[in-house]
Structures are given as C-alpha cells and as structure tokens.
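So the chains spell out like this:
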Amino acid sequence: RGGQDLPLHTTQTLLTERPGLVSKLRGCIDGALHVLVESGSFTSTDCDEVQLPIFTPSQQARHLLDHVRSKGEAAARVLLQYILQNQEHASHLNQETWTPTEDCFKYKKKLSSSVAVQSCFLSTYGGTSNMTLDDIYTESQLELAHDCADVLGSLSLEDLVGIVGTLNEDADTVLVSGEAGCGKSTLLQRLHLLWAQGAALQDFFLLFPFSCRRLNSEHRELSVQELLFHHCCWPDREQDQIFQFILDHPHLILFTFDGLDELKQNFSDEHRHCCPTQRAPVPILLFNLLQGSLMKGVRKVVTSRPEAVGPALKKYLRKEVHLKGFSPSGIDCFVRKHHSDPAVAARVLESLQTNTALLGLCHTPVLCWIVSQCHKELLGCGEGSPQTITDVYLMILQHFFQHQNPQKTLRIGWMQEHLNTALHLGLLAFKGIGNSCYIFSDTDLQTCGVTEEDICMGFLIHSKDISSNSCKRLEFLHVTMQCFFAALYIVLNSAMDRSAIAKLFGLQGMSQTGMSSTCFMACLPSTVQPELALEGEAIAVETANLQITATFVSGLLSQRYRGLLLHCCSSSTIDRKIRQVARCLSKRMQKHFKSISQPVEGEKKSMHAMPAFVWLIKCIYEMQESRLAQDIMSKLDVQHLKLTYCNIGPVECTALAYVLQHLKSPVGLQLDYNSVGDVGVEQLLPCMHVCNSLYLRNNNISDEGICKLIAKVIHCDNFQKIALFNNKLTDACTQHFSRLLKTKQNFLALRLGNNNITAEGAKQLAEGLQCNQSLQYLGLWGNKIGDTGAEALARALMGNKSLLWLSLVENGVGNAGACALADIVKNSTTLEELCLTKNYITRTGVECLIQALKHNTHVKSVW
Ligand code: ADP
C-alpha cells in the first residue's frame, strides 16, 4: 500500500486514535512487534519491555503505542500500516463468497437435526426428568488460561471460537480444560444445540461433534471422510461432493472433541498424517486434526481434564480456556432452574448458605446437580448436612436406592439391603477405572454379575453410541460416579487384596511419577482380572481417576461411616482398612515433607506443593479425623507454604483449612493464581491463626470476602502480611483495612495493587494509617487514587515511624500528589523507597521531590 493512505503526522494519530488502536492491537501484539523489529524500528529489548508478562494485552498495546511514539514518525508509520493491513485481511476473510449446493444444504439439515436430537437432553436428566438442556443450562465460569484483563468476567460460548484471547493465530485448536464434573461435556452439548437451533455459531456451516470416549471403540482404520460420515452423519447422496465442499471451505467447519482425557492413547505428534482420504487409526487421525496437519483451517474445540494435556499438545493450541464450574450466582440460578417450586429452591439455597462447605462443593456442577436432586434428603437431615464429597455421593446413592422403592422408608442398614448392587456395580466400575474403560458391553456386565435390577437403579445409562447402535452399551451417569462405585468396591469387598489400599495411595508398586493402574489391577482376584490391562506407562488421567477413587475410599473409611459399613463387613476388616488408609496418608505426606529442600541461608524454609499434595489434603479432609490431621501436620516444619497455580477453589480451601489449622508454628500461605473467590476465603478462616502472611494474588476476591477475612484476622496475633494484587476490590473494602491498621499494631504489609481503589478508598486507608505505627509496606500500584488520594496518604504519614516502602505506581497522581509526598521524603525517618512511576508527574512535581531529597536522611530511591 506504500503508506499513501497514512496520515501526515502518524505519531499524532497514535494519540488521537489511541482507544481504537489499543483494541485493534490487543490480539496481534506479536505480529506488530515482529514487523517493528523487521523494519529496524524496535530492538529486542523494546519488545521485552512491551511484553512483560505482568501486563494485560491492553496494557501491552498501550506500552507498544507509547514506545512507538517515542521512536518517531518512521516507527509509527510501520505500525499503522501493519494495523491497516491486518484489518484488510480480516474483512477479506469475512467477504469471501461460497455457494453450497443443494445436497450440501440437505446434508446440513440432516446433520443439524441429528445434533439437535443428541444434545437436547442431559444424560443426568435422562431417566428422571423431562427437563431439557434449554431448561436447565446455566452459564458457568469460562476463563482464559492466560491473563487478559480486557475480558471482564466470564467468556461467552461464542468467545470460545472467536478472536478474543487468541495466543497462536496459526493454530486451529481451542482447548477447554477443567476437572471432572465441572461441565465440559455440557458446555459442548450447549454449543452443539445452539448451533443446531441456528441460535449461535452460524459462521460455521457444518459442525461435527465427537466423543473421545466413543472413539475408543472404533478399532478400524478410517479416513477423515469416513470418520465424519460414519461417526456423525451419513450423507444420503453425493458423499464425495459434500466432502469436497468441506475440504474447500475449512473455515466454515467446526469439529468438537469431548473428553480427550478418556482417549486410550496420549496425544503425540510422532505420526504425521496429512491426507484426508487416506485411512489411519482413529487416534492418529485425531492427533493430526488437533495438531493441524490434517484439515488445516477447520476450527476444533477439544475438552479435557487438565492432567491429560501436556506440552506436546499445548504448542498447537490457538488458545486455552479454563472451565471453572458455577459462580456463586450460577449456583443460585441452577438451583432455581432445577426446582419448579420456588419455595423448595429457596429452602435449598438457604440450607447451602448455612453450610458453606457444601456451598463450596456446589461450584462443581455435577455436585450441584446431586445436591439439587437430593433436596429432600438434604432438607431432612438437619445438623448432619453433607460436608464432604463422599457425603454428597452417599446421599445420591441413598436417593437412587430409595427412588426404586419410594414406599419403603430407608432403614439404617440401607447399604446392606443393596449390598449386591453396590458390589456388582462396584466391580464394574473398579475394573473400568483400572482399564480406562468407561463404556460397558453386555459381556462386561455379565462378568461383573450386573443384573437387570442393578441397572434399573439408575446409576448406569445407555451410551449414546452412534457407531454401534446394534448392541446395548452402558456407562455410568458420570465418571465421578464410576470412581465412587470403584471406591465402594474397595471398601465393601471383604476379599479385596490387602495391598489394594496401599497401591491405590501409590505406596506400593508405583513409579516415581505416578500410580500405575496396571499394577493396581493386580489386586483383583484372578477370575475377574481384565483381559485388556493397559500397557506401558501410567496415563496421567488414570492417576486422576485413581486419586478421585482414593478420595472416596478415605471418605467411606471415616469413623463416621463405620456404623453403616458394619452392616456389610466385619468390624475387624473395616478397622484394618481404616488404619491402612490413615497410615498411607501419613506416609505419603511424610514422603512429601522429606522432599522439601533446606533453605538457602537467610531465607525462609519453604515448601512448594507437589501435585499430589492438594489431593492428599483432600483425602485427610474426607476422613474427617482431626487426630490424623493433627498427627500429620505436627511433622511439617516449614515457614512458607507455596500453592500457586494449584487449581485451588473453595473445596480445596475447606480441606486446606481443616488440615493446616493443626500446624505447630505459623506459616506464610501463598495461594496466588488460584480460584479461591469469596467462598474460598471464608473457608480459609479456620486456619488464619496459624498464618503470618497470606498471599492471594489473582483469586477473584471481592469486598465481601475481604470483610469476612478481616473480621477474623483482626483477632489473629500472628497475622502480619496480606497481598491481594489483581482481585476485584473497591473502596468498599478499605474501611475494613483501615480498621485492621488501627487495631493491629503489629501488622507489617498491605499490598492491594491492581484493584479498583480510588481517592475515597485512599482516604479511608489514610485514616487507618494515621493510627498505625507498624506498617512497613504499602502497595497500591495500579489503582486510581489520584492527587486527592496521594495527598490524604501523605498527610496521614506525616508522623509515621514505620513505613519503609510505598508504591503508588500508575495511580493518576499529578504534581499536587508528588509535592505532598515530597514532604514525607523530607521528614520521614523510616521511608526508604517511594515508587511513583506511570503517573502524571511533570517537572514541577519532580522539582519538589528533588528539593525534598536534599533534606532527606533515609530515602534510598524515588522512582
Ligand atoms: P464434565 O464433562 O466436565 O465431567 P459434565 O458436563 O458431564 O462434566 O457435567 C456433569 C453434570 O453436571 C451434568 O450432567 C449436569 O447435570 C451438570 N452440569 C454441568 N454443567 C452444567 C451447566 N452449565 N448447566 C447445568 N447443569 C450442568
């Protein structure tokens, strides 16, 4: 384009058009930097400065614009030209014309009606209700895996395939990852239904849904064409023409793959396969589709549990999105949708409010579903309301048994009455878990003794298996239900190998990296040993399923259920198993503690949580034996516990607090980059007395959570530091911090960066500061306190004799603020560092500060 369309003073345009340019640049910072480097306008240091990982894409875009302006006219022209070209490219793509033939239209119609039929009902509602997906679907929290502050709150379904958050524009595959039961299949199902109803994703002419669980049973070699037509929808005529249309218009096609974790093979990109008409084993086809060698340009959405996604796949991802289950308002909305009687819904919600441990569990949709489904049991149980995941699954077990025979009231020995069903389904589940088998044939059922009566209980549902309609195949309502039955089998089966529990907890016959289900299967009596044990290394997901199973085993072998189990097994067997689990948990934890390295001199002894740590904590919580927690924690000797990026939500917080409250000496608890939220904060309260510092950066916490937290920690002598960078705090929380500062004269550090605190909030903090003589660090970087806020703080700090460090970076502070702060620089006998970068301070302000520095005795740096 030779630049002739560019305005005369391009640097000026960068200023006048700034907001528009920021939004255009957000998604293509890398591309822009690339052309700037190519043209010699930027060095790699410039790039590094723009791409600092602490910046959000918008912040990066703003820094990029500032940098380019400082480089002058030539750089500005390069950048503007790049943006223009990018836009032109995008509009070209949008305008591309395509004309499907009549047969293509017919095929689309057939495909969408079959997709609509398949996605209309949720499997959990199949037999028990005529509620459709439209009736019950509730938005869950969908967040980009990487930081992107421009996306406020949750992503929409359309954003999944849209431009937002794209990391790699050359890749086609979007990954939705989340734990079992967090709603991945349901999310895809919703996507399918909306497309089939013409309500969303209409840029895609054809959508092909696949389930990896079902693809496991496809043992033939197939071509892509066969895969699409056999597994999704068969074209009644002109197969080749329709396939050619697909090949010619990849950008009009969407593939979805549900449950990559359930595929029997791990993702690998060793076998390249590029030809859509040539046959290959289905996993190879799938991997090449995801990776982009096959059907490049076709958008693919794949869901998986996080364990199954390694670096080999990550490098081919367009973006990664975390599905985090329901938000607190999502729980509310779901419960109201689930109950047609608003009075019942209100009572269920009320009971959740009084049992926050259970409320925490309801963030996971599958648990929210169980709790709603079992509302009668829930509302009738008063004090004994469920606390643990095992409690919730026992409740649904009881519910289904009762459902079969509503006239009969369930007696204390209810488990014994249904022992056979529990053992039959338990064996089926147990074998399946060890074998990565989630769909069961008639033969599987027979081998495990599963009867028609067992099936009628409702725990097994018909598998929507398109490829093998002819034979009846069943699967568990949900994979977690399968884990629960496997656990029941381990607990209830008196003939269980004595080493099974040790193997389950990974203490016997396990490699360093994980547990092998193959060796776990060896616990089975030889008559029921599977023919098809998995070969080779244990797959991460098997480990995840074994871990869920172990969590249930811990819960079932709690003293609380001893009475229930006594109807089914001898007391000596139960007591032996209880002791075994306790011993295993204790040993695994000790192993973990032994791996903690000695601290570097002068530093705190710190423990970085290994992946299994949180799981072990959850098992201890499930057992509900505080003696055990106490015993185990008495052996942990650290000063700092680091659990960043550990996928910690409210449920994990409940378990952590349950266990950590028994620590002997106070620790720093670092929970940055998790999903603690307000409910999680509340769950952490019981362990705050053993916390001297709490780090909760990036955790979706709002004022409400802070209010409860401070009400507690204000009375905790040990509590001295808190970091809350990047949460959702506003001026509504500063009064609480102010009270904390006034009350706690041993409090040391308050870090509130990147929140929404304005001058009002700063004034309230100032009030607290005025009465405090202990605070050493105050961080307010990235708020909006302005001159008024800075002046208020400066006034409050006038006689202060403790503050060492103050950061007001990026706060809209001007000269008035700087001059007020200069007085502190002049007079303070403690302040060492003052950070004021990224404000509006000009020469006047700087001169004030320089004058002050002449009198200064303590300040070492002013930024
Ligand atoms: P995952 O695939 O992550 O294991 P599922 O999608 O199978 O989880 O969800 C399990 C159950 O939770 C569903 O069968 C349904 O009852 C409930 N559920 C999940 N997500 C939602 C949602 N968005 N709205 C309503 N119910 C949901």
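It should be emphasised that the depicted structure is a prediction, and the values quoted were computed from it without experimental measurement.

*Asks:* What am I meant to see in the site of the ligand here?
*Replies:* Thr124, Thr138, Gly181, Thr186 and His478 are the nearest of the 20 residues found near the ligand. In this structure, an oxygen atom belonging to the ligand sits 3.0 Å away from a main-chain N or O atom of Gly183. Considering the ligand on its own, with 550 Å² of exposed area, one finds that the protein chains cover 94% of that surface. Sorting the residues of the shell around the ligand by element identifies helix H10 (184-196) and helix H19 (365-373) as the ones contributing at least two each. Split by residue class, the shell around the ligand holds eleven nonpolar, seven polar and two charged.

*Asks:* What exactly am I supposed to notice about the state of the cysteines here?
*Replies:* Such a bond, covalent and formed between the sulfur atoms of two cysteines, is termed a disulfide. Scanning all chains against the criterion turns up zero disulfides. No disulfide involves Cys483; its sulfur sits 12 Å from the nearest other cysteine sulfur, which is in Cys619. What makes Cys483 buried here is its relative accessible area of 0%. Not part of a disulfide, Cys653 finds its nearest cysteine sulfur in Cys687, a span of 8.6 Å.

*Asks:* Sorry if this is basic, but what is going on with the nonpolar core here?
*Replies:* A general tendency of soluble globular proteins is for nonpolar side chains to be buried together. Within the largest apolar cluster, 258 residues are counted, with the highest numbers of intra-cluster contacts made by Phe208, Met688 and Phe737. Sort the elements by how many residues they give to this core and helix H26 (residues 479-492) lands first, with eleven residues. Each of domain 2 (102-326) and domain 3 (600-862) accounts for three or more of the residues forming this core. In this view, Phe208 contacts Tyr107, Leu111, Leu228, Cys232, Ile246, Ile253, Leu254, Phe255 and Thr256; residues no more than four positions away in its chain are not counted. Membership of the second largest hydrophobic core comes to 22 residues, among which are Leu36, Phe42, Cys47 and Tyr82.

*Asks:* Looking at this structure, I do not really get the sheet that holds strand S20 (residues 833-835). What am I missing?
*Replies:* Adjacent strands of a sheet form backbone hydrogen bonds with each other and so pair up, either parallel or antiparallel. A sheet is described by the order of its strands in space; here ten strands give the open sequence S12-S13-S14-S15-S16-S17-S18-S19-S20-S21, paired in parallel fashion. At either end of the open sheet lies a strand with only one pairing partner, and these are strand S12 (606-608) and strand S21 (861-862). Both strand S16 (residues 721-723) and strand S17 (residues 749-751) contribute to a ladder of three bridges, which runs parallel. Counted as the bridge partner of Ala723 is Arg751 from S17.

*Asks:* I would appreciate a short explanation of the environment of His339 in the present structure.
*Replies:* Tracing the chain through its elements places His339 in the loop between helix H16 (328-338) and helix H17 (342-354). Considering only alpha carbons, one finds His339 and Arg69, 270 residues apart in sequence, at a separation of 59 Å. Excluding its chain neighbours within four sequence positions, the residues that come into contact with His339 are Val344, Ala345, Val348, Ser372 and His375.

The rules behind the values
- Residues numbered from 1 in each chain as written.
- Predicted model: local features only at pLDDT ≥ 70, side-chain atom pairs only at ≥ 80, totals over all residues.
- Heavy atoms only, no water.
- Near = heavy atom within 4 Å.
- Polar contact = N/O pair within 3.5 Å; in protein donor to acceptor, adjacent residues only side chain to side chain.
- Areas by Shrake-Rupley, 256 points an atom, 1.4 Å probe, with all protein chains shown as cover.
- Helix = DSSP H or I, 4+ residues; strand = E, 2+ residues; numbered from the N terminus.
- Nonpolar A, V, L, I, M, F, W, Y, C, P; charged D, E, K, R; others polar.
- Disulfide = S-S within 2.5 Å.
- Buried < 20%, exposed > 50% of the residue type's maximum accessible area, 1.4 Å probe, protein only.
- Core = buried A, V, L, I, M, F, W, Y, C linked by side-chain atoms within 4.5 Å.
- Domains from an automatic or database assignment.
- Contact = heavy atoms within 4.5 Å.
- Pairing = 2+ DSSP bridges.

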